[in-house]
Amino acid sequence: MFNIAVFVSGRGSNLRALYEKVSGESVKVCAVVSDKEDCGAAEFAKENSIPVFFVSSKIADGFSSYKSVAEELKKMFVDLIVLAGFLKKIPDEFVDEFENKIINIHPALLPSYGGKGMYGLNVHKAVFEARDKISGATVHFVDKVYDNGKIISQRSVNIDDVKSAEEIAARVLKIEHELLPDVVRKFSEGRIKIN
Ligand code: GAR
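First, a word on what this report is: a plain description of the structure on this page.

## Here we look at the pattern of salt bridges
Part 1: Enumeration over the complete set of coordinates arrives at 13 salt bridges.
Part 2: For Arg155, the salt bridge identified is with Asp182, shortest N-O distance 3.2 Å. One end of the pair, Arg155, is in strand E7 (residues 151-158); the other, Asp182, is in helix H6 (residues 165-188), with 27 residues separating them in the sequence.
Part 3: In this structure Arg155 comes out as partly exposed when scored by relative accessible area, which is 27%.
Part 4: Residue classification places Asp182 among the partly exposed residues on the basis of a relative accessible area of 25%.
Part 5: Note that Glu189 and Arg191 form a salt bridge whose closest N and O atoms lie 2.5 Å from each other.
Part 6: Residue Arg191 is classed as exposed on the basis of its relative accessible area of 55%.
Part 7: Residues joined in a network through salt bridges with shared partners are Arg155, Glu178, Asp182 and Arg185.

This is how it looks when you write it as structure tokens:
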């Protein structure tokens, strides 16, 4: 079994896509980690009996530290950590604990439109304002700098006729739901290796 932990902050459509498209006989979503107590993603996890951990770098009721979440994930033999709309920066010590085992999906074609503040609709607004004709999604390894790790896979989508940033968001989200499950499947089959 290839165990994944999915980190989330919001509505959880990418979590749902992973759950529906890759979890099954050989891949298991064994934990969801959220920095928000009441988000759609955490609700989805609870509804599907997936253990949920709430994480914070500050001491707060009901939240665990990154250190204790790391310990829990190790006890569960997590093979891969997938950031699927997780909007907090992962602490350096956590990145060290899971070197080359954390991936992120970003809603643009990196290295363009990445970095601090570039998340969710902010990304699509910047793409819309630049009048780009294509956008897309990127899955990359997570290192200690925002959106900087090695790119694993990208998929693009035509946006030359869109009228708003929201329209770009909808088109990109659709391909995210194909790209992320695809990449996770390839990891589980041992088809992605870092040299
Ligand atoms: C997705 O579009 C994801 O690419 C983006 O947040 C959204 C989460 O949606 N992530 C980032 O912007 C990270 N920089 P979801 O909760 O429905 O999966």
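From this point, the discussion proceeds with the structure in view.
## So, the nonpolar core
Part 1: Ranked by internal contacts, the top residues of the largest apolar core, which has 40 residues, are Ile4, Ile103, Leu180 and Val184.
Part 2: Residues contacting Ile4, with those up to four places away along its chain left out, are Leu18, Val27, Lys28, Val29, Cys30, Ala31, Val78, Leu80, Val82 and Val184.
Part 3: The next biggest cluster of nonpolar side chains, apart from the first, holds 21 residues, and it includes Cys30, Val78, Ile90 and Val142.

## Notes on the site of the ligand
Part 1: The environment of the ligand is formed by 15 residues, the closest being Arg11, Gly12, Ser13, Gly120 and Glu176.
Part 2: Within the side chain of Asn14, a nitrogen or oxygen atom sits 2.9 Å from an oxygen atom of the ligand.
Part 3: In the model, an oxygen atom of the ligand is placed 2.7 Å from a nitrogen or oxygen of the Glu176 side chain.
Part 4: Contact with the protein chains hides 92% of the accessible area of the ligand, taken as 450 Å² for the molecule alone.
Part 5: Counting residues per element, the ones that place at least two in the shell around the ligand are helix H1 (13-21), strand E5 (102-106) and H6.
Part 6: Across the shell around the ligand, the residue classes tally to 6 nonpolar, 7 polar and 2 charged.

## A few points about the side chain of Thr138
Part 1: By the secondary structure assignment, Thr138 is in strand E6 (residues 134-141).
Part 2: For Thr138, the side chain forms a polar contact with the main-chain nitrogen of Leu110, separated by 3.0 Å.
Part 3: Residues contacting Thr138, with those up to four places away along its chain left out, are Asn104, Ile105, His106, Ala108, Leu109, Leu110, Ile151, Ser153, Gln154 and Leu179.

## Focus: the packing of aromatic side chains
Aromatic rings in a pair are described by how distant their centres are and how their planes are angled relative to each other.
Part 1: Inspection of the entire model under this criterion finds 7 aromatic pairs.
Part 2: Measuring from centroid to centroid gives 5.3 Å for Phe7 and Phe86, while their planes differ by 85 degrees, and the two rings are edge-to-face. Taken as a pair, Phe7 in strand E1 (residues 2-8) and Phe86 in the loop between strand E4 (80-83) and helix H4 (92-97) lie far apart in primary sequence, 79 residues in all. This pair shows no difference in class: Phe7 is buried, exactly as Phe86 is.

## Here we look at the pairing of E4
Part 1: Side chains Leu80 and Val82 project from E4 onto one buried face, and the interleaved Ile81 and Leu83 project onto a second face that is buried too.
Part 2: Sheet topology places E1 next to E4; 4 bridges connect them, and they run parallel. Note that in E4 the partner of Phe7 across the bridge is Leu83.

## A short note on the pairing of strand E2 (residues 27-34)
Part 1: Most of E2 is tucked away: 7 of the 8 residues are buried.
Part 2: In terms of strand pairing, E1 meets E2 through 7 bridges, oriented parallel. Looking at E2, one finds that Asn3 is bridged to Lys28.
Part 3: Between the parallel pair E1 and E2, the chain is carried across by H1, and the sense of this crossover is right-handed.
Part 4: Bridge analysis of E2 against strand E3 (residues 52-54) gives 3 bridges, and the strand direction is parallel. For Val33, the partnering residue across the bridge sits in E3 and is Phe53.

Reading the values: the criteria
Residues numbered from 1 in each chain as written. Predicted model: local features only at pLDDT ≥ 70, side-chain atom pairs only at ≥ 80, totals over all residues. Heavy atoms only, no water. Salt bridge = Lys/Arg side-chain N within 4 Å of Asp/Glu carboxyl O. Helix = DSSP H or I, 4+ residues; strand = E, 2+ residues; numbered from the N terminus. Buried < 20%, exposed > 50% of the residue type's maximum accessible area, 1.4 Å probe, protein only. Core = buried A, V, L, I, M, F, W, Y, C linked by side-chain atoms within 4.5 Å. Contact = heavy atoms within 4.5 Å. Near = heavy atom within 4 Å. Polar contact = N/O pair within 3.5 Å; in protein donor to acceptor, adjacent residues only side chain to side chain. Areas by Shrake-Rupley, 256 points an atom, 1.4 Å probe, with all protein chains shown as cover. Nonpolar A, V, L, I, M, F, W, Y, C, P; charged D, E, K, R; others polar. Phe/Tyr/Trp six-rings, centres within 6.5 Å; stacked < 30°, edge-to-face > 60°. Pairing = 2+ DSSP bridges. Right-handed = clockwise from strand over helix to strand, strands pointing away.

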